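# A structural walkthrough
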Amino acid sequence: MISAVFKIAEERGLRRVVEVKIKIGELQQIDLDAFKLALSQLSQQYSMDVKFEFEIEKAEFKCKACGNLWPFNRDELKPEEQEAVHIIPEVAHAFLRCPRCNSPDFKIVRGRGVWIESLRGER
Amino acid sequence: MLDPRLSVIDERLSRVKRIMAISSGKGGVGKSLIAAVSALILARRGFKAGLLDLDFTNPSSSVILGARSLYPVEDRGMVPPKISGVEYISITFFAGDEPSPLRGEDVTNAFVEILALVRWSPLDYLILDTPPGLGDLLLDLLRLIKRLSFLVVTTPSRLSLETVRKLILLLRSVKAPIIGVIENMLMDSSQSLGEEIKKLDAAFLGSIPLDPGVEKALGDPEKLLETKFAEKLSEILNAIQ
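Here's what I pulled together on the structure shown here. (Residues numbered from 1 in each chain as written. Chains lettered and ligands numbered in written order. Predicted model: local features only at pLDDT ≥ 70, side-chain atom pairs only at ≥ 80, totals over all residues.)

### Quick notes on the overall build of chain B
Along its length, chain B carries eleven helices and ten strands. Rg of the C-alpha trace for chain B: 17 Å, near the compact-globule value of 18 Å for 241 residues, within the 12% margin. Along the three orthogonal principal directions, the C-alpha set of chain B runs to about 55 × 40 × 35 Å. Each of the 241 residues in chain B was classed as buried or not, and the buried ones make up 46%. Taking all contacts inside chain B whose residues are at least 6 apart in sequence as the whole, residues at least 24 apart take part in 74%. (Helix = DSSP H or I, 4+ residues; strand = E, 2+ residues; numbered from the N terminus. Rg over C-alpha atoms; globule rule 2.2 N^0.38 Å. Buried ≥ 20, exposed ≤ 12 C-beta atoms within 10 Å, placed from the backbone. Contact = placed C-beta atoms within 7 Å.)

Shown next, in the form of structure tokens:
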């Protein structure tokens, strides 16, 4: 994340990064406090005075067979499956089925990945 | 706006000296076996070797290596476990024995996730076991991994050779380095397509006879290394190492 911030700042010719908005997909099941702490420590290490804002994007699946939309419910997964989805969200396809038609053919519509939604800085 | 995973892939692979993708246009030609046993041979020779199984929907390297109950350690990313001296990552660590039906976008996302997460040691060789064909994973390999060279596998079948011809054409068109072509599962030397392979725009590295002993050795790295298959593959690796 910090590397990506540096990369964007360089591309935009920013002297200082002031604010970074980060979106976190629910499927990543990231421990937000641990993530905030790590970013805070790393940004201090790099002498960055940045305000990080975080937003969790709820995960949603869409069945390719019947069109059903449904939300992610981590309680439907065993602990080891939750851990696997946390590391590689796509393995949700190994554990989940459309609750309406039982198809394994579904799309992760939203709620996967961690990305920089916006970044503000000074030239 | 920006996927931070893409910023870290080069860094994650920066300590790997050589990255080789074992590829073919066709399935069932022995890519996974060549990939896994190559990694074992290189590790046996004292090189630091890694194996990454990228055939997400049909992973078989775990069966070849007998890799059960392995799991990476989460530490500033994902530290791969070792099997017989080989650092090893497969989607089977996560999906277990369940089928993992993935469409192209999911394949790309899983691939990027793994590249961004896995903390390989300083390796001499990272062997990539790739799915067959010219689909999403091949295109992602070409897009995301610099310093990648291809070891192409065919069988002595014109069906296989035709798909390999197209693969080589594609790789040449994007200036991807090709180490050469291995003819695998040769049952009778008179049936070798070596002369046909030599007409392709890639080096012919040799033929590996079909070895019935491999089946019994599956799941046991030590036994695999004692097969005639491994002996012949080892000779080929000598030439390209």
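### Section: the interface of chain B and chain A
Counting residues at the interface gives 21 residues for chain B and 22 residues for chain A. Elements that contribute at least two residues to the side of chain B that touches chain A include exactly α1 (5-13), α4 (92-95) and α5 (104-117) of chain B. Residue contributions to the side of chain B that touches chain A peak at six residues, all from α5 of chain B. For the side of chain B that touches chain A, the class distribution of residues is 14 nonpolar, three polar and four charged. (Nonpolar A, V, L, I, M, F, W, Y, C, P; charged D, E, K, R; others polar.)

### Some words on the sheet that holds strand β6 (residues 114-122) of chain A
Paired through their backbone hydrogen bonds, the strands of a sheet run either parallel or antiparallel. Residue and element names in this part refer to chain A. Strand order in the open sheet formed by three strands is β2-β1-β6, and the pairing between neighbours is mixed. Whereas interior strands pair on both sides, the edge strands pair on one side only; in this sheet they are β2 (51-57) and β6. Pairwise comparison of adjacent strand axes, ignoring direction, gives a mean angle of 15° for this sheet. Of the strand pairs in this sheet, strand β1 (residues 16-25) and β2 are connected by seven bridges, and their pairing is parallel. Following the sheet pairing, Ile-22 is matched in β2 by Phe-54. The strands touched by helix α1 (residues 2-12) are β1 and β6; relative to β6, the strand with the most contacts, the crossing angle is about 45°. (Pairing = 2+ DSSP bridges. Axes fitted to C-alpha atoms, helices over the stretch in contact; angles between N-to-C directions.)

### Notes on the packing of α5 of chain B against helix α6 (residues 136-144) of chain B
All names here are of chain B. Contact geometry of α5 with α6 gives a least axis separation of 9 Å together with a crossing angle of 40°. In terms of their interaxial angle, α5 and α6 are classed as oblique. Seen along the crossing, α5 lies across α6 with a hand that is right-handed. Together, Gly-104, Val-107, Thr-108, Phe-111, Val-112 and Leu-115 of α5 and Asp-136, Leu-137, Asp-140 and Leu-144 of α6 make up the contact between the two elements. (Parallel < 35°, antiparallel > 145°, perpendicular 65-115°, else oblique. Left-handed = near helix turned anticlockwise from the far one by under 90°.)

### Some words on the pairing of strand β8 (residues 148-154) of chain B
Residue and element names in this part refer to chain B. Where burial is concerned, most of β8 is hidden: five out of the seven residues are buried. As defined by bridge partners, strand β1 (residues 16-23) adjoins β8 across five bridges and the pair is classed as parallel. Bridged to Ser-23 within β8 is Val-152. As defined by bridge partners, β8 adjoins strand β9 (residues 178-186) across five bridges and the pair is classed as parallel. Across the sheet, the residue bridging to Leu-151 is Gly-180, located in β9. Read from β8 through helix α7 (residues 158-173) to β9, the crossover connection turns out right-handed. (Right-handed = clockwise from strand over helix to strand, strands pointing away.)

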